[in-house]
Amino acid sequence: MNQFKNTMITCFSIFGFIALCFLLFGDREKFSMIGLTGFLLGIGYFLIGLLLTFFPSTRQVGKAMLIASGVLLLIGVSVCSIAPLAMNMH
């Protein structure tokens, strides 16, 4: 359970750090870039998590990465779909 929790914290903190950098230093397209980052990280986490679930010693880490990938894919798609609306508000 400790591996699971550490993996989830690490996965979301990487995304949070990248999103914070885009918010602080980004231009008009910062919401699109945050969404794209979530989408690409979600795909990467999915592939790595899928490989890690095959081995019994890393199965908990793989499960955590699969859950994190699903959440990041949802965040990425939702931010990318809302981004054009946020850009038209200015």
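The structure under discussion appears in the preceding block.
The structure displayed is predicted, hence computed values, not measured ones. (Residues numbered from 1 in each chain as written. Predicted model: local features only at pLDDT ≥ 70, side-chain atom pairs only at ≥ 80, totals over all residues. Heavy atoms only, no water.)

Student: Would you mind going over the overall build of the protein in detail, with residue names and values included?
Tutor: When you go through the protein residue by residue, the secondary structure sums to three helices and zero strands. Reading the protein from its N terminus to its C terminus gives the helix and strand order α-α-α. On the principal axes, the C-alpha backbone points of the protein span a range of 50 × 20 × 15 Å. Sequence-distant contacts, at least 24 apart, represent 62% of the contacts inside the protein between residues at least 6 apart. Total accessible area computed for the protein in this model is approximately 5900 Å², and 77% of it derives from carbon and sulfur atoms. (Helix = DSSP H or I, 4+ residues; strand = E, 2+ residues; numbered from the N terminus. Contact = heavy atoms within 4.5 Å. Areas by Shrake-Rupley, 256 points an atom, 1.4 Å probe, with all protein chains shown as cover.)

Student: Summarise helix 2 (residues 30-52); cite the residues concerned and give the values.
Tutor: For helix 2, with 23 residues, the first-to-last C-alpha span of 32 Å sits near the 33 Å given by 1.5 Å per residue. Every buried residue belonging to helix 2 is among Ile34, Gly35, Thr37, Gly38, Leu41, Gly42, Tyr45 and Gly49, and all of these are buried. (Expected span 1.5 Å × (residues − 1). Buried < 20%, exposed > 50% of the residue type's maximum accessible area, 1.4 Å probe, protein only.)

Student: Account for the side chain of Ser69, naming residues and giving values.
Tutor: Considering the arrangement of structural elements, one finds Ser69 in helix 3 (residues 59-88). On the accessibility criterion, Ser69 (2% relative accessible area) is buried. A polar contact is formed between the side chain of Ser69 and the backbone oxygen of Leu66, at a distance of 2.7 Å. Each residue touching Ser69, except ones within four places of it in the same chain, is listed here: Gly42, Tyr45 and Phe46. (Polar contact = N/O pair within 3.5 Å; in protein donor to acceptor, adjacent residues only side chain to side chain.)

Student: I'd like a description of the environment of Val79, backed by residues and values.
Tutor: Among the structural elements, Val79 can be located in helix 3. Val79 sits 27 residues away from Leu52 along the chain, and the two C-alpha atoms are 28 Å apart. Not counting residues up to four positions away in its chain, the partners in contact with Val79 are Phe31, Ile34 and Gly35.

Student: Could you give an account of helix 1 (residues 2-25), with specific residues and numbers?
Tutor: The end-to-end C-alpha distance of helix 1, which contains 24 residues, comes to 34 Å, matching closely the 34 Å that a straight helix rising 1.5 Å per residue would cover. Turning to helix 1, its buried residues are Phe4, Thr7, Met8, Cys11, Phe15 and Ala19.

Student: Explain a nonpolar patch on the surface to me, using residue names and the numbers behind them.
Tutor: The grouping of Met33, Leu36, Phe39, Leu40, Ile43, Phe46, Leu47, Leu50, Leu51, Phe54, Phe55 and Val77 at the surface amounts to a nonpolar patch, some 1100 Å² of accessible area in total. Top contributing element to the nonpolar patch by residue count: helix 2, with nine residues. Inspection of the secondary structure assignment puts Ile43 in helix 2. Residue classification places Ile43 among the partly exposed residues on the basis of a relative accessible area of 35%. (Patch = residues over 30% accessible without salt bridge, like charges linked within 9 Å, V, L, I, M, F, W, Y side chains within 5 Å. Salt bridge = Lys/Arg side-chain N within 4 Å of Asp/Glu carboxyl O.)

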